[in-house]
Amino acid sequence: MSRTALVTGATAGIGEACVRSLVASGWRCIATGRRAERLEKLVADLGADKVHAAVFDVRDEAARDAALDALPEAFAGIDLLVNNAGLALGTAPAQDASLADWKTMIETNVTALVSLTHKLLPGLIERRGGVVNISSVAANYPYTGGNVYGGTKAFVRQFSLGLRADLHGTGVRVTSIEPGMVETEFTLVRTGGNQEAHERLYGGADPMTAADIAETVRWVAELPPHLNINTLELMPVSQSFAGFQVARE
Ligand code: NDP
Ligand code: 8X3
């Protein structure tokens, strides 16, 4: 029997790769995002029986609910929620950062994720489904300019663990995936479209690909039902940790 996943942020990067990977493994996917033409391409590539495009801004609860209420019957029972839609905006230190950017990150990475999870939880419990939340290494290692982005991803990790605790005994699985550097549109979005910044970050670094993370999500989702991956942190081999900074007089 085919299972159904809802993947947020499926117009690019990790979310799009998750849809491709899950569909290749026999899942049906509800692919969401704001850019309709990209979702339509996924439907055209993978088939309308496998992918349903749901176009909405995750921050817009009314638009989201209308899209979910209009799901075709074959897609209406959701077994897996992949909370992937998210973004970083800016790399400035807190004292120079834009408050509007901070609010956008919190509204997208935290508020919208919590709201969608809350909406889908009753159905996920009924179906003994799963939640995979895309956090980040930024949740675990602070870096300069990461301020609110790192804060939102730390929330996602801790919320995931809290959900695990609350869902004890329901059979619902919850996982926080915490990737390091993945080459996607992430840095273009973060820098307002700076191609040079994108190339500087990923160039020569052999970063992870969106498909690497998608395969991990698929693996987590398809484990035998008695197994739960609580948290999973991944990095490219080229990325590791640096020391503390010390300001001297
Ligand atoms: P991309 O920029 O390539 O993709 C981001 C996706 O999120 C797009 O599909 C975008 O869709 C969607 N999205 C953003 N804002 C909204 C919104 N308001 N409403 C609906 N959809 C939205 O980046 P990634 O694939 O890299 O990012 C996916 C997730 O992975 C994010 O949560 C990110 O924080 C996380 N991550 C990324 C890492 C990396 O190095 N790339 C590492 C660790 C975590 P659209 O714009 O069409 O609405
Ligand atoms: C994205 C990875 O290191 O740019 O979450 O914050 S990082």
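Please read these numbers as outputs of a predicted model, since none were measured by experiment.

Asks: Whenever I open this one, the pairing of strand β9 (residues 231-234) confuses me. Can you help?
Replies: A regular strand carries its side chains on alternate faces of the sheet. Burial of the side chains of β9 is restricted to one face: L232 and L234 are buried, whereas none of T231 and E233 on the reverse face is. Here four bridges tie strand β6 (residues 173-179) to β9, and the two strands are oriented parallel to one another. What sits directly across from E178, in β9, is E233.

Asks: Is there a simple way to think about the site of ligand 2 in this case?
Replies: The local shell around ligand 2 consists of S136, V137, A138, Y143, Y149, F186 and R190. Separating an oxygen atom of ligand 2 from a side-chain N or O atom of Y143 is a distance of 2.6 Å. When the residues that make up the shell around ligand 2 are grouped by side-chain class, the tally is five nonpolar, one polar and one charged.

Asks: Help me understand the site of ligand 1 in this model?
Replies: The local shell around ligand 1 holds 30 residues, among which T11, R34, R35, Y149 and T184 are the closest. In the model, an oxygen atom of ligand 1 is placed 2.6 Å from a nitrogen or oxygen of the R34 side chain. Its free accessible area being 880 Å², ligand 1 has 96% of it covered by the protein chains. Mapped by element, the contributors of at least two residues to the shell around ligand 1 are α1 (13-24), α5 (147-166) and α6 (186-190).

Asks: Help me understand the nonpolar core, please; the structure alone is not making it clear to me.
Replies: If you look at the biggest cluster of nonpolar residues, it comprises 32 residues, and the most contacted ones within it are V19, L80, I177 and I213. Apart from the residues within four sequence positions on either side, V19 is in contact with V7, A10, C29, A31, L42, L46 and V51. Grouped together as the second largest cluster of nonpolar side chains are 22 residues, A67, A85, L121 and V172 included.

Asks: So what exactly am I meant to see when it comes to empty space enclosed by the protein here?
Replies: To find the voids left in a structure, one rolls a probe of water-molecule size over its atoms. As enumerated under the stated definition, the model contains one cavity of 30 Å³ or more in all. Looking at the largest cavity, its volume works out to about 50 Å³. As for the largest cavity, its lining consists of T8, V58, N83, A85, T108, A112, L113 and L116. Top element by residues in the lining of the largest cavity is helix α4 (residues 99-126). It accounts for four residues. Across the lining of the largest cavity, the residue classes tally to five nonpolar, three polar and no charged.

Asks: Explain the pairing of strand β4 (residues 80-83) here, please?
Replies: In β4, alternate side chains face the same way, and those of L80 and V82 on one face and L81 and N83 on the other are all buried. Pairing analysis gives three bridges linking strand β1 (residues 4-7) to β4, with the strands arranged parallel. Paired with A5 across the bridge in β4 is L80. In this structure, β4 lies alongside strand β5 (residues 130-134), joined through four bridges in parallel fashion. The partner of V82 across the bridge, within β5, is V132. The parallel pair β4 and β5, bridged by α4, forms a crossover whose chirality is right-handed.

Asks: Sorry if this is basic, but what is going on with the state of the cysteines here?
Replies: One covalent bond between the sulfur atoms of two cysteine residues makes up a disulfide. Counted according to the given criterion, the structure contains zero disulfides. No disulfide involves C18; its nearest neighbouring cysteine sulfur is the one of C29, lying 8.4 Å away. A relative accessible area of 0% means that C29 is categorised as buried.

Asks: Would you mind showing me how to read the layout of surface pockets here?
Replies: Roughly 300 Å³ of volume is contained in the second largest pocket. Residue lining of the second largest pocket: 21 residues in total, with R128, G129, G130, R173 and A221 positioned closest to the centre. For the lining of the second largest pocket, the secondary-structure elements that each account for two or more residues are β5, β6 and α8 (210-222). Grouping the constituent residues of the lining of the second largest pocket by class yields 11 nonpolar, five polar and five charged.

Thresholds applied
- Residues numbered from 1 in each chain as written.
- Chains lettered and ligands numbered in written order.
- Predicted model: local features only at pLDDT ≥ 70, side-chain atom pairs only at ≥ 80, totals over all residues.
- Heavy atoms only, no water.
- Buried < 20%, exposed > 50% of the residue type's maximum accessible area, 1.4 Å probe, protein only.
- Helix = DSSP H or I, 4+ residues; strand = E, 2+ residues; numbered from the N terminus.
- Pairing = 2+ DSSP bridges.
- Near = heavy atom within 4 Å.
- Polar contact = N/O pair within 3.5 Å; in protein donor to acceptor, adjacent residues only side chain to side chain.
- Nonpolar A, V, L, I, M, F, W, Y, C, P; charged D, E, K, R; others polar.
- Areas by Shrake-Rupley, 256 points an atom, 1.4 Å probe, with all protein chains shown as cover.
- Core = buried A, V, L, I, M, F, W, Y, C linked by side-chain atoms within 4.5 Å.
- Contact = heavy atoms within 4.5 Å.
- 1 Å grid on protein atoms, 1.4 Å probe; cavity = no way out; pocket = protein on both sides within 12 Å on 5 of 7 lines; lining within 4 Å.
- Points joined across faces, edges and corners; volume = space filled by probe spheres on them.
- Right-handed = clockwise from strand over helix to strand, strands pointing away.
- Disulfide = S-S within 2.5 Å.

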